[in-house]
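# Chain and residue survey
The lines below spell out each chain.
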Amino acid sequence: MDYFYFNALVILLLVTLQHVNANPELRALMEVKSALDPTNKYLQSWTGDGDPCSGSFEGVACNEHRKVANISLQGKGLSGWVSPALAELKCLSGLYLHYNSLSGDIPKELGNLTELSDLYLNVNNLSGIIPPEISGMASLQVMELCCNQLTGSIPKEIGSLKKLTVLSLQYNRLTDQIPASLSNLQMLKRLDLGFNYLSGPIPTTLANAPQLQVLDVRNNSLSGTVPSALQKLNGGFQFENNNGLCGVGFSTLRACTAFDTLNVNQVKPFDSIKNTTAVKNNPVSAVIQAPCSQTKCSSSSKFREIWIVAGVITATILVICAAFLIIFFYRRRKQKIGSKSESSEARLSTDQAKEFHQSGASPLVSLEYSNGWDPFGDHRRIGIFEDHLNSFRFNLEEIESATHCFSEVSLLGKSSFSCVYKGILRDGSIVAIRSISITSCKSEEDEFVKGLNLLTFLRHDNLVRLRGFCCSRGRGECFLVYDFAPKGNLSRYLDLEESSHVLNWSTRISIVNGIAKGIQYLHSSEENKPPILHRRISVEKILLDRQFKPLIADSGLQKLLADDIVYSGLKTSAAMGYLAPEYVTTGHFTEKSDIYSFGVIVLQILSGQQVLSNSMRLAASSGRYEDFIDTKLEGNFSESEAEIIAKIALACTDEVPERRPAMETLIQEMNRIDAG
C-alpha cells in the first residue's frame, strides 16, 4: 500500500506541476486575486485549479485564443490594491476596476500592457504618482483615473499615447503645470483635469488638438492667458474657479492685464522641471510581445520570485492532497462500496454544481471575446459613414456615469442577449441604454456598421429616437442610447385589476393611430432608408411618452443582430399570438406579417387584455362590442369608432396574407374617425 501511495503522490505532483506550468496566466490571476481581494470575500470563484476561460472566473473573459482579454470587476467592493502581476496578462484589452475601494500605487508594470485599450481605475482610493511608464500602453484609448488621491505632476510621457481619446484625471491632488505634450494626442476628445492643484498657463498648443471637444480645468490654480482658439469648444471648455486666468472672447473671463503677462513670464522656467522618474530605463519594457491578433501571444516573462512562490504553493497543495488521499483510501478499505456511499457522493456533486453555477460570471462579462472586434478601428472601412456616425458616438465613461456603473438599481430589464438600463446624461436628460454583447452582433463588422448607420437615420414621431451609441472593444459590447419613455410600455396598461391606470377611449384611439403611422414609416422607402420590417412588434415594444404618444421600440434592430438571435425570441411572439400563421410554413417575414402583429395589438388595446380568446374575436366580428370592449371603460366609448377599429383589426389578422390591407389603406380608414 505504501508503494501505491508513493505512486499516487508522484502522479499528483506531475499533474500539478504540468497544470501550473501550462497556464502562466492562471498563476498571474491568482496573484491579482490575492491583491484585489485579500480576504477572499468577493472573488471566491477564482481558484488555483480552475480555468479562467471557462466562464467560471467572475469578471474574467478570454479572447478566441483562450488568453485573458478582459477583467470587469467594477463596483464589487474590492478593498485591496492593484497588483503588478496584471502585466503578465499580455492580451488584456480591458481593465475595469472602478467604483471600488482599492488603495496603494498604480503599478508601473501596467505600462507593459501594449494591447490594453481601456483602463478604468477611477473612484477608488489610489495614491502616489501616475507612473510615466504608463506611456508604454500603445493601444490605450481611455484612461480613467479620476476620483482618487493621486499626487505629483501629470507625466509628459502621456503625450505619446497616440490612440488616447479620453483622459480623465479630475478630483485628485495633482500639482505642477499641464504638460504641453498633451497637444500631441491627435485623437483626444475629452480632457478632464478639474478639481486638482494644477498651476501655470493652459498650453497654447493644446487648443490645436484636432479632435478635442471637452476641456475641463475647473477648480485649479491656473493663471495666464487662455488660448483664444479654445472658443471653438463652446460649452465644452470649462474653466471656472481659476482666478489667475484671463482672456478675450469668453463671456465669463476677465480681460488680461500687464500683471498677468508678467506672471506668465515668471512661470515659464517651470517648464524645464522634469520628473526624474520618467527617464529611468525600464528593463521590462525591452521584452517586445507579439500582438494578440496573431495565433498566439508570447509567454509571460518568468521571474525567479514567481517560481519561488509557485513552488511554495505547489508544495502546500501536495501536502493537502496527500493527506486527502491517505484518508480517502483508508476509509475505502474500512467501508464497503454501497448505494449509501454512492448517493452521498451524488448529493455532494449536486451541491458543488449549484455553488459553481451561483458563483459564475455576470452575463455582462462572461463573453467570448474576439480580439480583433473593433468596428470603428479602421476608418477606411467606415468610408462615407464616418462623419455621420461620429456625431452619434458616446464614450464608455459617459455610459457608465449615466447608469451608475450599470448598477442593479438602473436595470430596467434583461434578456438572453441584452440588458436595458435607465440612465441620466450629463445634460440632465433621461435615456434608456441597451447593451448588446459581441456574441449577439453580426460577425461581419462592415455589416454591423452599415446597420448601425441605418438606425441613426430613422426619424419619426412614433419611433423611439436613437440618440447615440458606444462600442467598447475592451468590454466586447455595443451600447445603444435611446430617449426614455416615462410611461413604460403598453403591456402595463393591459390585464389591469384596478381602474386607476385604465386608458380612456380617446387615448386608445390615438395610440392605435400612432402605431399605424410608425409602421407605415418603417415600411416606406425614403432617401436615407430602405423599407424595414420590424419582425417582433408587440405591446412590449410599444412605449409611451409623457403624453401617452406611442413610440415603437427596437425598429430595425435586426440590422444589428444575427438572424438566429432574433429568431430565438420568436417563441414568445408565437405564444402571445403576434406571429403570422404563414411564418410557420415559409419561415420569412414580410410587411404582411408586421400588419398581422399590428392587428393583434389593436384587439388587445380594444379589449384591455393581452390574451385574446375566440369569443372576443367572434364578438368583435358580430358587432357585440359590450362583450368585447374593455369593461373597465364602463361603457365610455364610441360604438361607431369601435366598429371602424374592430374591422381594421380583424382585416389585419386575416389568415390569408393577401387579404390583409396595406398600412396606407388602414390609415385612410382611421382618418374617418378624425373626420367624424
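Conventions used here
- Residues numbered from 1 in each chain as written.
- Predicted model: local features only at pLDDT ≥ 70, side-chain atom pairs only at ≥ 80, totals over all residues.
- Heavy atoms only, no water.
- Helix = DSSP H or I, 4+ residues; strand = E, 2+ residues; numbered from the N terminus.
- Expected span 1.5 Å × (residues − 1).
- Buried < 20%, exposed > 50% of the residue type's maximum accessible area, 1.4 Å probe, protein only.
- Polar contact = N/O pair within 3.5 Å; in protein donor to acceptor, adjacent residues only side chain to side chain.
- Contact = heavy atoms within 4.5 Å.
- Pairing = 2+ DSSP bridges.
- pLDDT = per-residue confidence, 0-100.
- Disulfide = S-S within 2.5 Å.

### Looking at helix α14 (residues 591-607)
With 17 residues, α14 should cover 24 Å at 1.5 Å per step; its first-to-last C-alpha distance of 25 Å lies within 8% of that length. Buried residues dominate α14, accounting for 15 of its 17 residues. The N-capping residue of α14, defined by a side-chain oxygen 3.2 Å from the backbone nitrogen of Lys592, is Thr590. Two residues or fewer after α14 comes Gly608, characterised by a positive phi angle close to 75°.

### Some words on the environment of Glu582
Mapped onto the elements, Glu582 comes out in the loop between α12 (570-575) and α13 (583-586). Exposure remark for Glu582: the relative accessible area of 14% places this residue in the buried category. For the pair Glu582 and Ser593, spaced eleven residues apart in sequence, the C-alpha separation works out to 8.1 Å. Once you skip the residues sitting within four places of it in the chain, Glu582 turns out to touch Gly587, Lys592, Ser593, Glu655, Pro657 and Arg660.

### What about the sheet that holds strand β1 (residues 60-62)?
The nine strands are arranged β1-β2-β3-β5-β7-β9-β10-β12-β14 in an open sheet whose pairing can be described as mixed. In this open sheet, the two edge strands, each paired with only one partner strand, are β1 and β14 (237-238). Of the strand pairs in this sheet, strand β9 (residues 166-168) and strand β10 (residues 190-192) are connected by three bridges, and their pairing is parallel. By the bridge assignment for β10, Val166 is matched with Arg190.

### Section: the confidence of the model for the protein
Across the protein, the average pLDDT comes to 76, with 72% of residues at or above 70. Segment residues 377-384 is flagged for pLDDT under 50; beyond a separation of four residues in sequence, or across chains, it makes nine contacts in the model. Counted against residues more than four places away or in other chains, residues 563-568, with its pLDDT under 50, gives ten contacts.

### Notes on the state of the cysteines
Counted according to the given criterion, the structure contains two disulfides. Through a disulfide, Cys53 is tied to Cys62; the S-S separation comes to 2.0 Å. Taking the sign of the S-S torsion, -85° for the link of Cys53 and Cys62, the bridge is left-handed. Note on Cys62: relative accessible area 5%, which makes it buried. Each sulfur of the disulfide joining Cys246 and Cys256 lies 2.0 Å from the other. Between Cys246 and Cys256, the S-S torsion sits near 95°, and that sign places the bridge as right-handed. One end of the pair, Cys246, is in strand β15 (residues 244-246); the other, Cys256, is in the loop between β15 and α3 (258-267), and ten residues separate them in sequence. Residue Cys256 is classed as partly exposed on the basis of its relative accessible area of 30%.

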